[in-house]
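One letter stands for each residue in the lines below.
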Number of protein chains: 2
Amino acid sequence: MARRNDHTREEIQHMAIQAAITILSREGVQGLSTRKVAAAIGYTVGTLYLVFKNLDELILHVNAATLDELYRAMQAALAKHADPRLQLFAMAQAYLNYARGHFARWSLMFIHHLPADVLLPTWFHDKFRTLLVLVAGPLRQINPSLEPQAYQQATQVLWSSVHGVCELGLNDKLSLAGEIRAEDLIHALVQNYLKGFTQGWD
Amino acid sequence: MARRNDHTREEIQHMAIQAAITILSREGVQGLSTRKVAAAIGYTVGTLYLVFKNLDELILHVNAATLDELYRAMQAALAKHADPRLQLFAMAQAYLNYARGHFARWSLMFIHHLPADVLLPTWFHDKFRTLLVLVAGPLRQINPSLEPQAYQQATQVLWSSVHGVCELGLNDKLSLAGEIRAEDLIHALVQNYLKGFTQGWD
């Protein structure tokens, strides 16, 4: 068992986050525990609790790393296109691909809730907002004459509806009603939504 | 403790499903166990296992009861309107209202997975399809000239995207990005989607 002063506090945090990510990819959300993370980095659970207040705080940092990766995947998809519609199609597919490729980590972002008396830290909010700004940009280009509030709403609608198709598709709940690929549903969703969005709001 | 022959097999099944529903509404998905269901109906866990193979089978029946209720709520929403667009708006809001009012049961339908080697029974598939047919009807009225496959896809897209807004909205994941009511997002989603859908497919 390594002693605490073999690594700095920041190094232990980083090692724990990476270990949690590995455990999630191998064993899914149910498999994650402070005991397993501590064992994987060669420290005691007690040391882990010196660098993270509890499992919730560790998960928050794992989710932050997931948001960063998701941002980079969507940013790369956006950068491949100049047309704002194609940018939105590409980002929606990138979201699906990321969710499929990192299913446990992606699920954990939505399953995990902090205790009711703990507020999400500002830096986490900011990461989330940065991701939504990626989606708002092309929407603004497509239909530049709306109120700022309308882009925020459109971003939330588009994001959460793409999310819904990913969730039901990847959880195999859509195959209940016939075999259709999640990619096709995402494409049809964004296509129809944008046709409506381009016409403006009633 | 009641003896097994105080009630018929069907009575015990029915009592167990109702008890599970009560436990879900009080304690959420995490609170459900065969031990608690057995205690609530005054039978041993052993007797419970005589009428349901395992907790999975009990949950399947709870989910079936949830699908029945959801169907009735959406059917009632549809019946209030003659215009197919208004029918779809009303059903989407009814879906949100049901999810909000029965959050644990609604979540359980999507969280729960049968073991990989167990197929969903046909009667469960049929309940699910009946619900999707409710949504397909108005879509067909709005745009009657499409291929049958297109209605199936549009139904899955619309349902899963409404589902996504409900999930993120009710799990308080959308408030991360500013205060917008789930009702408004659902309305905007269906509105934009239908504008695109009315124009047909590329």
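Everything that follows concerns the structure shown earlier in this document.
Below, the structure is looked at part by part. Worth saying up front: this structure is predicted, and the values here are computed from it rather than measured.

Turning to the environment of A:V190, a few remarks are in order. Residue and element names in this part refer to chain A. With respect to the element layout, V190 can be found in helix α9 (residues 182-198). Look at V190 and you get buried, because its relative accessible area is 1%. It is 8.8 Å that separates the C-alpha atoms of V190 and R85, two residues lying 105 residues apart in sequence.

Between chain B and chain A, the contact holds 43 residues from the first and 43 residues from the second. Together, the buried faces of chain B and chain A total about 4100 Å²; carbon and sulfur atoms form 60% of this surface. Summed over the shared surface of chain B and chain A, the number is zero salt bridges. In this assembly, chain B and chain A are joined by two residue pairs in polar contact (both at pLDDT 80 or more). The set of elements that each furnish at least two residues to the side of chain B that touches chain A consists of α6 (103-111), α7 (122-142), α8 (148-170) and α9 (182-198) of chain B. The dominant element in the side of chain B that touches chain A, judged by the number of residues it contributes, is α8(B), at 13 residues.

Residue and element names in this part refer to chain B. Here α7 is 21 residues long and its end C-alpha atoms lie 30 Å apart, about the 30 Å a rise of 1.5 Å per residue gives. Along α7, the residues that are buried comprise F124, F128, L131, L132, L134, V135, A136, P138, L139 and I142. Those residues of α7 hidden inside the fold are in contact with α4 (55-79), α5 (84-101), α8 and α9.

Time to look at the pattern of salt bridges. All names here are of chain A. If you walk through the whole model with that rule in mind, you get 13 salt bridges over all chains. A salt bridge links R181 to E183; the nearest nitrogen and oxygen atoms lie 4.0 Å apart. Residue class for R181 comes out partly exposed when judged on its relative accessible area of 49%. As a salt-bridge pair, R181 and D184 come within 3.2 Å of each other at their nearest N and O atoms.

The next subject is the packing of aromatic side chains. Two descriptors summarise a pair of aromatic rings, namely the distance from one centre to the other and the angle between the planes of the rings. Residues and elements named next belong to chain B. What the rule picks out here adds up to 16 aromatic pairs over all chains. Seen from their ring centres, F110 and W159 are 6.1 Å apart, and the 45° between their planes marks the pair as tilted. Note that F110 is positioned in helix α6 and W159 in helix α8, a separation of 49 residues in sequence. Here F110 and W159 have matching classes, each one buried. The positively charged end of R140 is found above the aromatic ring belonging to Y151, 4.3 Å away from the centroid.

Rules used throughout
- Residues numbered from 1 in each chain as written.
- Chains lettered and ligands numbered in written order.
- Predicted model: local features only at pLDDT ≥ 70, side-chain atom pairs only at ≥ 80, totals over all residues.
- Heavy atoms only, no water.
- Helix = DSSP H or I, 4+ residues; strand = E, 2+ residues; numbered from the N terminus.
- Buried < 20%, exposed > 50% of the residue type's maximum accessible area, 1.4 Å probe, protein only.
- Contact = heavy atoms within 4.5 Å.
- Buried area = accessible area lost by both parts, 1.4 Å probe.
- Salt bridge = Lys/Arg side-chain N within 4 Å of Asp/Glu carboxyl O.
- Polar contact = N/O pair within 3.5 Å; in protein donor to acceptor, adjacent residues only side chain to side chain.
- Expected span 1.5 Å × (residues − 1).
- Phe/Tyr/Trp six-rings, centres within 6.5 Å; stacked < 30°, edge-to-face > 60°.
- Lys NZ or Arg CZ within 6 Å of the ring centre and 35° of its normal.

This is a description of form; function is not addressed.
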